[in-house]
Amino acid sequence: MTGLGAEESRGVGLLRSNDGHLGASLKIWHPFTNSALEPDLIFVERAEGVWLHTRDGRKILDAVSSWWVNLHGHGNWRIAAAIAEQARKMEHVILAGFTHEPAEKLAKGLQRWLARELTHLFFSDDGSTAIEVALKLGVQYFSNLGRPEKREIVALEHGYHGDTAGAMSVSDDSPFTAPFRSMRYVVHRVPSAYLYRRPAGTTKEEYLDFCVKRLESLLEEKSASIACLILEPLLQGAGGMIVYPAEYLRAARELCTRHDVLLIADEVLTGFGRTGKMFACDLAGVVPDLMCLSKGITGGFLPMGVTVCTDRVEQAFRSENPMHTFYHGHSYTGNALACAAANASLQIFEDEAVFDRIAGIAKIHGERLSRFAEYAVVGEARQIGTIGAIELKAEDAGYLSAMRPKLYQFFLERGVLLRPLGNVVYVLPPYVISAEELHWVYDVIEEALETVM
Ligand SMILES: Cc1ncc(COP(=O)(O)O)c(C=O)c1O
């Protein structure tokens, strides 16, 4: 050992070696986890279909698709084989100035599902970076056109777009963002059409109309300085699985067009069939100017983000002026293994009855959610496609509701992974879940409402 002794090390601060710590382990700091409050970690050894198999011999049903990423089940052999085959050929190469077959194939594969107005694809690493790319493209678009004053951003109440600084800025205030006020830039915030939480005495129609009018008056007044509006189409996920009417999305599209504001659709959660169509925008018949994709894009195997945009957007960057270049790129941009996984996942959509599975899940959600009206503790049960949610009445409604840890623990003890968003319990399973398994998840939720509430 050559490290300094305790005396000698005084004064060298961080240069101190790890002598004296032999045997101490480097501990993993888990995401969204406070080790003082949630000390017990579950060690997963393998995963297959909807099941997580733990080291201590338990089976846990993954009813949240491991943070909404898994589509075709854990351990899908087709995706696993595609990654292995690609790894033997080429793992990763720089994408600046180079391209490769898996990336080109993915562009073609996605094009088949996207509105034809969306013509260009920019790779990044995850949902948050796909959002950062969209916001930066939106701002630089107007700068390149000689209108740098058009640089402000509009976002929705209850929105969530990720944890990096820009994505946090456009996300609504929440316990997740509270310590970072100084790091978040200012955005215009408009109400989302969260009809269940509309003011007392207003009808749903009146509140929807109010929300549209608020956006309309903001854009009428300030569009000279606004570059883009970002929203999660039809479903605000982490904000509480809030489903809002397609009329709002269509009105937002129309208002953005009228006021020359770019519409960014954050389909990070809603993409790849979650809402019943490939993309939530398809359900509303809306084409955004920019669309962010991630999570399910690789079927839940590898991280990848993608921002797609229209030709009009990209054209503003095609210029003799080097200052018009989009100087943005992450090291692993367009990773060949992630592209291979994404291509295999899209092939599964082509070859297998994925939309029948999706329709089957949606039907069971509908049947089971209708039963929750009987529970006094239930405020609203709502659904969009493969996502079912139950908002419970709570004095302390919100992510930090005391209901959350109690319910989470109860579900785990029964063998189901569900992570309530505070007082909102939701079910968002991989598409391969069987009818029997999904019914069982709902049986467990009913039992929880009867016993722990
Ligand atoms: C709608 C939405 N956008 C963006 C993100 C951020 O994605 P990531 O966690 O991959 O950075 C999320 C994550 O939950 C999300 O739900």
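Above this text sits the structure in question.
Let us look at the structure shown here. (Residues numbered from 1 in each chain as written. Predicted model: local features only at pLDDT ≥ 70, side-chain atom pairs only at ≥ 80, totals over all residues. Heavy atoms only, no water.)

## Here we look at helix 11 (residues 336-351)
Step number 1: In this model, helix 11 (16 residues) spans 22 Å end to end at C-alpha, consistent with the 22 Å of a helix rising 1.5 Å per residue.
Step number 2: Burial within helix 11 is extensive, with 13 of its 16 residues counted as buried.
Step number 3: In this structure Asn-335 caps helix 11, since a side-chain oxygen of it lies 3.1 Å from the backbone nitrogen of Leu-337. (Helix = DSSP H or I, 4+ residues; strand = E, 2+ residues; numbered from the N terminus. Expected span 1.5 Å × (residues − 1). Buried < 20%, exposed > 50% of the residue type's maximum accessible area, 1.4 Å probe, protein only. Polar contact = N/O pair within 3.5 Å; in protein donor to acceptor, adjacent residues only side chain to side chain.)

## Points about the packing of helix 7 (residues 204-222) against helix 8 (residues 246-258)
Step number 1: For the pair helix 7 and helix 8, interaxial distance at closest approach is 10 Å and the crossing angle is 15 degrees. Accordingly, the angle class assigned to the pair helix 7 and helix 8 is roughly parallel. Considering how the two elements wind past one another, helix 7 and helix 8 form a crossing that is right-handed. On the side of helix 7, the interface is formed by Leu-208, Cys-211, Val-212, Leu-215, Glu-216, Leu-219 and Glu-220, while helix 8 contributes Glu-247, Tyr-248, Ala-251, Ala-252, Leu-255, Cys-256 and Arg-258.
Step number 2: In the contact of helix 7 with helix 8, the residues fall into ten nonpolar, no polar and four charged. (Axes fitted to C-alpha atoms, helices over the stretch in contact; angles between N-to-C directions. Parallel < 35°, antiparallel > 145°, perpendicular 65-115°, else oblique. Left-handed = near helix turned anticlockwise from the far one by under 90°. Contact = heavy atoms within 4.5 Å. Nonpolar A, V, L, I, M, F, W, Y, C, P; charged D, E, K, R; others polar.)

## Side note on the sheet that holds strand 14 (residues 387-392)
Step number 1: Reading across the sheet, the three strands line up as 13-14-16 and stay open at both edges, with antiparallel pairing between neighbours. Edge positions in the open sheet fall to strand 13 (378-384) and strand 16 (424-427), since each of these has one partner strand only. On average, each strand axis in the sheet is inclined to that of its neighbour by 15 degrees, with strand direction left out of account.
Step number 2: Taken together, the four bridges between strand 14 and strand 16 define a ladder with antiparallel strand orientation. Among the inter-strand pairings, Ile-390 is bridged to a residue of strand 16, identified as Val-425. (Pairing = 2+ DSSP bridges.)

## Regarding the pairing of strand 2 (residues 51-54)
Moving residue by residue along a regular strand, the side chains alternate between the two faces of the sheet.
Step number 1: Judged by which residues are buried, strand 2 turns out to be covered on both faces: Trp-51 and His-53 on one side and Leu-52 and Thr-54 on the other are all buried.
Step number 2: The pairing of strand 1 (residues 44-48) with strand 2 spans four bridges and is classified as antiparallel. Looking at the pairing, Ala-47 lines up with Leu-52 of strand 2.
Step number 3: Hairpin connection, strand 1 to strand 2: the antiparallel pair is bridged by two residues, and Gly-49 has positive phi, about 60 degrees.
Step number 4: Relative to strand 3 (residues 59-62), strand 2 runs antiparallel, the two sharing three bridges. Bridging across to strand 3, Trp-51 finds its partner in Leu-61.
Step number 5: Hairpin connection from strand 2 to strand 3: four residues lie between these consecutive antiparallel strands, with Gly-57 at a positive phi of about 85 degrees.

## Looking at the site of the ligand
Step number 1: Contacts to the ligand come from Trp-68, Asp-126, Gly-127, Ser-128, Tyr-160, His-161, Gly-162, Glu-232, Asp-266, Val-268, Leu-269 and Lys-295.
Step number 2: At a separation of 2.6 Å, an oxygen atom of the ligand approaches a polar side-chain atom of Ser-128.
Step number 3: Interatomic distance of 3.0 Å between a side-chain N/O atom of Lys-295 and an oxygen atom of the ligand.
Step number 4: Calculation on the ligand without its partners gives an accessible area of 390 Å², and the protein chains cover 83% of this total.
Step number 5: Split by residue class, the shell around the ligand holds four nonpolar, four polar and four charged. (Near = heavy atom within 4 Å. Areas by Shrake-Rupley, 256 points an atom, 1.4 Å probe, with all protein chains shown as cover.)

## Structural notes on the nonpolar core
Step number 1: Counting 110 residues, the largest nonpolar core has Leu-229, Met-241, Tyr-248, Phe-272 and Ile-445 as its most contacted members.
Step number 2: A total of nine residues in this core trace back to one element, the largest contributor, which is helix 11.
Step number 3: For Ile-445, the contacting residues outside a window of four places in its chain are Phe-372, Ile-390, Phe-411, Leu-418, Val-425 and Val-427.
Step number 4: Ala-130, Cys-292, Val-313 and Phe-326 belong to the second largest nonpolar core, which has 26 residues in total. (Core = buried A, V, L, I, M, F, W, Y, C linked by side-chain atoms within 4.5 Å.)

## A short note on the environment of Tyr-399
Step number 1: Inspection of the secondary structure puts Tyr-399 in the loop between strand 14 and helix 13 (403-414).
Step number 2: Separated by 161 residues in the primary sequence, Tyr-399 and Ala-238 have C-alpha atoms spaced 9.0 Å apart.

## Brief notes about the pattern of salt bridges
Step number 1: Summed over all chains, the structure comprises 27 salt bridges.
Step number 2: Its salt-bridge partner being Arg-414, residue Glu-447 comes within 2.7 Å of it at the nearest N-O pair. Here Glu-447, found in helix 14 (residues 435-451), pairs with Arg-414, found in helix 13; they are 33 residues apart in sequence, far enough to count as distant.
Step number 3: Residue Glu-447 is classed as partly exposed on the basis of its relative accessible area, which comes to 28%.
Step number 4: In this structure, a network of salt bridges that share partners links the residues Arg-147, Arg-253, Asp-260, Asp-289 and Arg-312. (Salt bridge = Lys/Arg side-chain N within 4 Å of Asp/Glu carboxyl O.)

## Concerning the side chain of Thr-177
Step number 1: With respect to the secondary-structure elements, Thr-177 resides in the loop between helix 6 (165-170) and strand 6 (188-190).
Step number 2: Thr-177 sits in the buried class, given a relative accessible area of 3%.

## Thoughts on the sheet that holds strand 11 (residues 290-293)
Step number 1: In spatial order, the strands read 4-12-11-10-7-5-6; together these seven strands make up an open sheet with mixed pairing. In this open sheet, the two strands that pair with only one neighbour each are strand 4 (118-124) and strand 6. Adjacent strand axes in the sheet meet at a mean angle of 20 degrees, parallel and antiparallel pairs treated alike.
Step number 2: Of the pairings in the sheet, the one linking strand 11 to strand 12 (residues 305-310) comprises four bridges and is antiparallel in character. Each residue of the ladder has a partner; that of Cys-292, found in strand 12, is Thr-307.

## Side note on the packing of helix 13 against helix 14
Step number 1: Remark: helix 13 packs on helix 14, axes separated minimally by 10 Å, with the N-to-C direction vectors making an angle of 130 degrees. Put simply, helix 13 runs oblique to helix 14. Of the two possible hands of crossing, helix 13 and helix 14 adopt the one that is right-handed. Where helix 13 approaches helix 14, its residues Leu-407, Phe-410, Phe-411 and Arg-414 are matched on the opposing element by Trp-440, Val-444, Ile-445, Glu-447, Ala-448 and Thr-451.
Step number 2: Its residues assigned to classes, the contact of helix 13 with helix 14 comprises seven nonpolar, one polar and two charged.

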